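Here are the chains, one letter per residue:
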Amino acid sequence: MKNVIVTGAAGFLGSTLIKKLLENGAKVAAVDVGFDNGTLPDQENLTKISMQLTDAEGLAGAIPEGEYDAFYHFAWRGVNGPEKADPDIQSENIRLTLACAKAAKMLNCPRLLIAGTVAERAVESLLKLEKTTGGMMYAAAKNAAHQMAETYCKYIGQPFIWMQFANIYGPGNHTGNLVSYTLDQLGKNEEAQYGPAEQPYDFIFVDDLIEAVYRLGDAAWDRTGYYIGSGDPRQLKDYLRTIGAIKRKENLIGIGKRPDDGVTYQVEMFDITPLVKTIGNYVKTSFEEGVVRTIRENKA
Ligand SMILES: NC(=O)c1ccc[n+]([C@@H]2O[C@H](COP(=O)([O-])OP(=O)(O)OC[C@H]3O[C@@H](n4cnc5c(N)ncnc54)[C@H](O)[C@@H]3O)[C@@H](O)[C@H]2O)c1
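What counts, and where the lines are drawn
- Per chain, residue numbering runs from 1 following the sequence as it is written.
- Local features are withheld for residues below a pLDDT of 70 in this predicted model, meaning they are given only at 70 or higher, and side-chain atom pairs are given and counted only at 80 or more; totals for whole chains, interfaces and linings count all residues.
- Hydrogen atoms and water are omitted, and side-chain values are computed over all heavy atoms in the structure.
- In DSSP terms, a helix is any run of H or I states spanning at least four residues, a strand is any run of E spanning at least two, and both are numbered starting from the N terminus.
- Under the convention used throughout, the expected extent of a helix is 1.5 Å for every residue step, that is, one less than its residue count.
- The rule is simple: take the accessible area with a 1.4 Å probe, protein chains only, and divide by the maximum for that residue type; under 20% is buried, over 50% is exposed, in between is partly exposed.
- Note that the arc is computed from the directions linking the helix axis to the C-beta atoms.
- Two residues form a contact once any of their heavy atoms are found within 4.5 Å.
- What makes a residue near a molecule or strand is one non-hydrogen atom of that residue sitting within 4 Å of it.
- For the purposes of these results, a polar contact is taken to be a pair of N or O atoms within 3.5 Å, where, inside protein, one atom must be able to donate a hydrogen and its partner to accept one; residues adjacent in sequence count only when each atom of the pair is a side-chain atom.
- Only the protein chains shown count as cover for residues, and all accessible areas are computed by the Shrake-Rupley method using a 1.4 Å probe.
- Polar here means any residue other than Ala, Val, Leu, Ile, Met, Phe, Trp, Tyr, Cys and Pro, which are nonpolar, and Asp, Glu, Lys and Arg, which are charged; Gly is therefore polar.
- Lines are fitted to the C-alpha atoms to define the axes, a helix being fitted only along its stretch in contact, and any angle between axes, read from their N-to-C directions, falls within 0 to 180 degrees.
- Oblique is the label for every angle not falling under 35 degrees (roughly parallel), over 145 degrees (roughly antiparallel), or within 65 to 115 degrees (roughly perpendicular).
- Whether a crossing is left-handed or right-handed is set by the direction in which the near helix is turned from the far one by less than a right angle, anticlockwise for left-handed and clockwise for right-handed.

**Q** Outline unusual backbone geometry, listing residues and values.
**A** A positive phi angle, near 70°, is found at Asn45, a position not held by glycine. Mapped onto the fold, Asn45 is located in the loop between strand E2 (27-32) and strand E3 (46-50). Although it is not a glycine, Asn108 adopts a positive phi angle of roughly 55°. Summarising the element assignment, Asn108 is placed in the loop between helix H3 (87-106) and strand E5 (112-117).

Have a look at this one:
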């Protein structure tokens with residue numbers, strides 16, 4: 001890839017991908033509301049475009065002229081925190097995903113890659129739930145964005161893939177997901193509390209995820225969606241106990257201390273066979289190694 005567009009460029013994953021693209025000689029047009037958080041220092045081949053994405057025309061007009069090989073759409077408001085539950089913010093994210101598809105078409109970009117999440121699959125538990133958590137609004141919006149982007153891209157003839165990410169962890173990730181929550185609690189010597197944690201689950205180390213995302217940029221796609229996971233899904237409580245053992249604080253892993261949220265994942269959801277067929281083996285980091293690195297690099 002020589003020339004690439006990335007939205008959500010100052011975020012955790014967008015900035016990590018951009019560093020990899022630049023290391024590999026690509027030129028990047030990076031779009032985000034701002035870059036003051038310092039995740040992306042100024043450097044050659046990187047054009048930072050500070051703008052609020054609002055529509056396709058505005059975005060296409062702000063991208064420097066040129067031929068682009070790939071367009072990664074990572075911008076999304078409310079990936080974490082209270083905005084996850086906000087219906088207006090999450091609906092706006094869906095609209096902006098479609099605006100990016102339209103902009104990719106206007107820019108004649110031959111490949112559009114959009115960030116999804118395995119949490120989309122949580123909506124499959126909706127019918128049996130009497131009550132949901134606020135975070136489910138994010139999952140539902142991603143699911144809707146997925147269906148609408150797939151429909152719209154097929155309608156306008158925009159080649160695209162939806163990348164469904166596993167749960168991600170690594171240095172610098174303070175999303176409050178189960179790894180970052182557990183490490184934070186144990187760091188404070190406080191108990192981390194969970195439901196029964198019996199469901200199958202999948203965590204991937206951020207560098208492995210970004211390797212897959214990078215390779216997908218110019219791979220020969222044979223489908224419109226890929227799940228990007230570790231290839232080693234486990235029962236959730238096994239992951240949690242592993243973190244407790246690494247920190248030597250097994251007594252602070254409070255499994256069963258909260259009610260079950262009723263969301264279940266099936267182990268088949270975590271199948272990486274189609275992805276490995278397309279891009280080769282991309283996973284290098286075991287969960288144990290990844291947690292040790294996360295602890296070490298977060299301290300540094
Ligand atoms: N981090 C995870 O664990 C995880 C897991 C699965 C999927 N994802 C998906 O990956 C993508 C990136 O996630 P992340 O962790 O890097 O999130 P992040 O919150 O760190 O980054 C998102 C970025 O998008 C930008 N943004 C939001 N709305 C914008 C707008 N209208 N105009 C311009 N910029 C805008 C934000 O400023 C932010 O920098 C998201 O789509 C997210 O849903 C993340």
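**Q** Summarise helix H9 (residues 287-299); cite the residues concerned and give the values.
**A** Counted at 1.5 Å a residue, the expected span for H9 with its 13 residues is 18 Å, and the 18 Å between its end C-alpha atoms agrees. The set of residues buried in H9 consists of Phe287, Gly290, Val291, Thr294 and Ile295. Taken end-on, H9 shows its buried residues confined to a sector of 135°, consistent with a single buried face. Away from the buried face of H9 by more than 90 degrees, exposed residues Arg296 and Lys299 are located. Among the structural elements, strand E7 (167-169), helix H5 (178-187), strand E10 (203-205), strand E12 (234-235) and helix H7 (236-246) are those in contact with the buried residues of H9.

**Q** Before we move on, can you summarise the site of the ligand with the specific residues and values?
**A** The local shell around the ligand holds 24 residues, among which Leu13, Asp32, Leu53, Tyr138 and Lys142 are the closest. At a separation of 2.8 Å, an oxygen atom of the ligand approaches a polar side-chain atom of Lys142. Protein contacts shield 87% of the accessible area of the ligand, which totals 830 Å² for the unbound molecule. Taken together, the elements giving at least two residues each to the shell around the ligand come down to helix H1 (12-23), E5 and helix H4 (136-156). Ranked by the residues each element gives to the shell around the ligand, the list is headed by E5, at three residues. A per-class count over the shell around the ligand returns 15 nonpolar, six polar and three charged.

**Q** If you had to explain the packing of H3 against H4 to someone new, which residues and values would you point to?
**A** One way to put it is that H3 packs onto H4 with a least axis distance of 9 Å and a crossing angle of 25°. In terms of axis orientation, H3 runs roughly parallel to H4. As H3 packs across H4, the resulting crossing turns out to be right-handed. Where H3 approaches H4, its residues Pro87, Gln90, Ile94, Thr97, Leu98, Ala101, Lys102 and Lys105 are matched on the opposing element by Met137, Tyr138, Ala141, Ala144, Ala145, Met148, Ala149, Tyr152, Cys153 and Ile156. Here the residues of the contact of H3 with H4 sort into 14 nonpolar, two polar and two charged.

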